[in-house]
Amino acid sequence: MNISMHNASVGVYLKILGNLNTMLEKAEKWTADRKIDPNAILLARLAPDMFTFTRQVQIATDMAKGTAARLAGEEPPRYEDNETSLADLRARVAKTIAYLQSLKAEAFAGSETRAITLKLGPPGKQLEMNFVGLDYLQGFGTPNVYFHFSMVYALLRHNGLEIGKRDYTG
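Residues numbered from 1 in each chain as written. Predicted model: local features only at pLDDT ≥ 70, side-chain atom pairs only at ≥ 80, totals over all residues. Heavy atoms only, no water.

**Remarks on the packing of aromatic side chains**
The description of two aromatic rings rests on the distance between their centres and on the angle between their planes. Which entries qualify depends on this criterion: Pairs were defined over the aromatic rings of Phe, Tyr and Trp, the Trp ring being its six-membered one, requiring ring centres within 6.5 Å. Orientation was assigned from the angle between planes: stacked under 30 degrees, edge-to-face over 60, tilted for the rest. We count a charge as sitting over a ring when the NZ of a lysine or the CZ of an arginine lies within 6 Å of the ring centre and within 35 degrees of the ring normal.
With the rule as written, the count across this model stands at five aromatic pairs. Aromatic rings pair up to connect F131, Y136 and F140 into one cluster. Sitting above the plane of the F51 ring, R55 keeps its charged end 5.9 Å from the centroid. It is K65 that lies over the ring of Y79; its NZ or CZ is 4.4 Å from the centre.

Now the structure itself:
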């Protein structure tokens, strides 16, 4: 039995992003009910050199849309990274879900062997990474989506939001 690249990317990412949205909804209600300044969450980090909560959500959505787009042979849509509230982050997640839902399964045909090149880092110091589609999905894209999603979960738990494994797995 073959697993489709569409289901292994879009199918997985839609579930993760749905769970992410649920956690953001809970965080929004929790901060409002307890009169907690949302910036306490939005700017939270577990270590001084770690990205903030907001950036973790941004990267999780970027990795999901970017991985799926490249596998489908498309240029990923660009977002402004200007979210300043939990509602803004939920809107970003919703926009990413809508984009993923727009990708047709047929566009992923042959993507297992599609050449994918990424240029990471600042201009002039960019690192070029070359992948084959399946390796990109399994060894780069999906691990990054899960990593940043896990950081969102960890930051919310660390700051006192009562969420658990069911919130993470759906």
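Back to the write-up after that little detour.
**Remarks on the pairing of strand β1 (residues 115–120)**
We apply this condition: Should DSSP find at least two bridges between two strands, the strands are regarded as paired. Helix and strand assignments follow DSSP, with helices taken as H or I runs no shorter than four residues and strands as E runs no shorter than two, numbered in order from the N terminus.
As paired strands, β1 and strand β2 (residues 127–132) are joined by six bridges and run antiparallel to one another. Of the residues in β2, the one forming a bridge with L118 is M129. What sits between β1 and β2 in their antiparallel hairpin is a turn of six residues, with G121 showing a positive phi close to 105 degrees.

**Some remarks on the nonpolar core**
Taken as a class, soluble globular proteins show a tendency for nonpolar side chains to be buried jointly. The following threshold applies: Within this scheme, the nonpolar core is defined by two criteria: the residues are buried Ala, Val, Leu, Ile, Met, Phe, Trp, Tyr or Cys, and they are joined through side-chain atoms within 4.5 Å. Exposure is judged per residue with a 1.4 Å probe applied to protein chains only, and the accessible area is read against the type maximum: over 50% gives exposed, under 20% gives buried, and values in between give partly exposed. In this analysis, two residues are considered to be in contact whenever any of their non-hydrogen atoms come within 4.5 Å of each other.
Counting 46 residues, the largest nonpolar core has F53, L100 and L156 as the members making the most contacts within it. Within the residue set of this core, elements represented by two or more residues are α1 (5–33), α2 (39–42), α3 (53–71), α4 (86–102), β1 and α5 (133–158). Setting aside residues up to four positions removed in sequence, L100 forms contacts with V10, Y13, L14, L17, A64, K65 and A68.

**Digging into the side chain of D167**
Worth spelling out the cut-off: Between N or O atoms, a polar contact is any pair within 3.5 Å; within protein, one atom must be a potential hydrogen donor and the other a potential acceptor, and residues adjacent in sequence are included only when both atoms are from side chains.
With respect to the helices, strands and loops of the structure, D167 is situated in helix α6 (residues 165–169). Polar side-chain contacts of D167 include one of 2.4 Å to the side chain of K26. Ignoring any residue separated from it by four or fewer positions in sequence, one finds D167 in contact with N19, M23 and K26.

**Digging into unusual backbone geometry**
Positive phi, normally seen in glycine, also occurs at K35, with a value near 55 degrees. Tracing the backbone through its elements, the reader meets K35 in the loop between α1 and α2. Judged by its relative accessible area of 75%, K35 falls in the exposed class. Phi angles above zero are rare outside glycine, and D81 is one such case at about 60 degrees. Mapped onto the elements of the fold, D81 is located in the loop between α3 and α4.

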